[in-house]
Amino acid sequence: MRGRVIIGRMTIARNADIVILTGAGISKESGLSTFRDADGIWSTVRIEDVATPEAFARDPDRVHDFYNERRAGLQDPKIKPNAAHEALARLEAEWGGDVLLVTQNIDNLHARAGSRNLVHMHGEMLKGRCESCGFVCDWVETMDRQSQCPHCEVDGHMRVHVVWFGEMPFEMDRIYEALNKCGLFISIGTSGNVYPASGFVSQVRMHGTGRTVELNLEPSEGIVLFDEARHGPATRIVPDFVNELIG
Ligand code: BJW
C-alpha cells in the first residue's frame, strides 16, 4: 500500500489529482465574516440590496460602500492567512498529483498563504472591472461612481470584480474538467447553499470516480453526499486532514 493512503473508509492513490473547494468558513478564524451564520454578512444586509446586478444598477453608491468597507477591512494588517490556508498551500507543494484549489472567497488569503493553482470562482475583492471595456485590474482603493478605468479612461463604469447572484462564476470549464477526473474532492468551510459550487460534490459522484470529503464546522446541507467528514474549526481539522494525506 506504499502508493496509497487510507483515510477512514477511503483509499486514495498518492498521485491522485485533488480538487478542493473552499468557502467563507476557512477565513472565519482570520477575522473575516461568513455569510449565513447567525453573525454573518447576510444577517446585516439583504442580498437584493448589495449582491445582484440589479442592486448595482439601482443604487451603485450603496453597493460601492458595501465593498469599500470590506476591501478596507481585508487590508487591515491584522487579517492574515491562518493554519488552514497554510496547510492547503503545503498540500499543493508536497502532494504527488495535481491540486486545484477552487475558492468561493473573494479575499486573497489563499494566495498569501502560498497556493498557486487557484481559481477565484466568485472573483476577487481587490480587483476592479470596467463595464465599458471589460478591463480587469488590481484595485485596493475606494471605488465610486466617478472612478475611471485605467485602460479605456472612461469614467463611472468601474465595478468590483466579483460574481453576484444571477451572474456566471469564472472558469467553470476548467473546474468541471478537474472535478470529472479528480481522485479526491475536499469541500471546506462552505454551507453548500449556493449553486453551482453546491453541485460540485454531485458532479464528482455522478461523472467522476473521486472520493468526497467534507471539512466544516458543522454538517452542511449536502452532508449525505460525502464519503467522509470531519467537523470542527478549520484551523484544527484542515491541518490534521492534510497531515493524514501527506504525513
Ligand atoms: C466554518 C467555520 C470555521 C463557519 N471553520 N467552517 C433561484 C433564484 C435565483 C437564483 C437562483 C435560484 N436558485 C439557484 C439560483 C442560482 C444562484 C443560487 O445558488 N442561489 C441560491 C441562494 C438559491 N447562484 C447564482 O446566481 C450563481 N450563478 C449562477 O448560478 O450562474 C448560472 C450558472 C452557473 C454555472 C453553470 C450554469 C449556470 C452566482 C452565485 C454568486 C454568489 N455570490 C456571493 C457573493 C460574492 C461576492 C461577495 O463576497 O460579496 O458569494 S453570495 C456568498 O455565498 C458568496 C459566497 O462565496 C457564497 C457561498 O457562501 P459560503 O462560502 O458557503 O458561506 P456560508 O456563510 O454560507 O457558509 C459558511 C460555512 O462555514 C458554514 O457551513 C459554517 O458552518 C462554516 N464555518 N466557521 C470551519 N471556523
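See the structure shown above.
Residues numbered from 1 in each chain as written. Predicted model: local features only at pLDDT ≥ 70, side-chain atom pairs only at ≥ 80, totals over all residues. Heavy atoms only, no water.

Participant: Now, about the sheet that holds strand β6 (residues 123–130): what can you tell me, with residues and values included?
Facilitator: By definition, the strands of a sheet pair up through backbone hydrogen bonds, in either a parallel or an antiparallel sense. Here we have three strands laid out as an open sheet, ordered β7-β6-β8, and antiparallel in their pairing. The outermost strands of the open sheet, each flanked by one partner alone, are β7 (136–138) and β8 (158–162). With direction set aside, neighbouring strand axes in the sheet form an average angle of 45 degrees. Relative to β8, β6 runs antiparallel, the two sharing five bridges. Among the inter-strand pairings, Gly123 is bridged to a residue of β8, identified as Val162. (Pairing = 2+ DSSP bridges. Helix = DSSP H or I, 4+ residues; strand = E, 2+ residues; numbered from the N terminus. Axes fitted to C-alpha atoms, helices over the stretch in contact; angles between N-to-C directions.)

Participant: Which residues make up unusual backbone geometry, and what are the values?
Facilitator: Cis geometry is found at the peptide bond from Tyr195 to Pro196, where omega equals 5 degrees. By the element assignment, Pro196 lies in the loop between β9 (184–188) and α8 (200–207). Here the phi dihedral of Glu171 falls at roughly 55 degrees; this positive angle occurs in a residue that is not glycine. By the element assignment, Glu171 lies in the loop between β8 and α7 (172–181).

Participant: Please provide a residue-by-residue account of the state of the cysteines, values included.
Facilitator: What the rule picks out here adds up to zero disulfides. Cys152 supplies the cysteine sulfur nearest to Cys130, a cysteine that is in no disulfide, at a spacing of 3.8 Å. (Disulfide = S-S within 2.5 Å.)

Participant: Tell me about the site of the ligand, residues and numbers included.
Facilitator: Near the ligand, the surroundings consist of 36 residues, among which Phe35, Arg70, Thr190, Ser191 and Tyr195 are the closest. In the environment of the ligand, an oxygen atom lies 2.8 Å from a nitrogen or oxygen atom belonging to the backbone of Gly166. The fraction of the free accessible surface of the ligand (1500 Å²) that becomes covered by protein chains is 78%. Elements that contribute at least two residues to the shell around the ligand include exactly α1 (25–28) and α4 (60–74). Among the residues making up the shell around the ligand, the classes are represented as 17 nonpolar, twelve polar and seven charged. (Near = heavy atom within 4 Å. Polar contact = N/O pair within 3.5 Å; in protein donor to acceptor, adjacent residues only side chain to side chain. Areas by Shrake-Rupley, 256 points an atom, 1.4 Å probe, with all protein chains shown as cover. Nonpolar A, V, L, I, M, F, W, Y, C, P; charged D, E, K, R; others polar.)

Participant: Explain the pairing of strand β1 (residues 4–7) to me, using residue names and the numbers behind them.
Facilitator: The two faces of a sheet get side chains in turn, since along a regular strand they alternate between them. Alternating positions in β1 separate cleanly, Val5 and Ile7 being buried on one face and Arg4 and Ile6 remaining unburied on the opposite face. In this antiparallel pair of consecutive strands, β1 and strand β2 (residues 10–13), the connection spans two residues, and Gly8 shows a positive phi of 55 degrees. (Buried < 20%, exposed > 50% of the residue type's maximum accessible area, 1.4 Å probe, protein only.)

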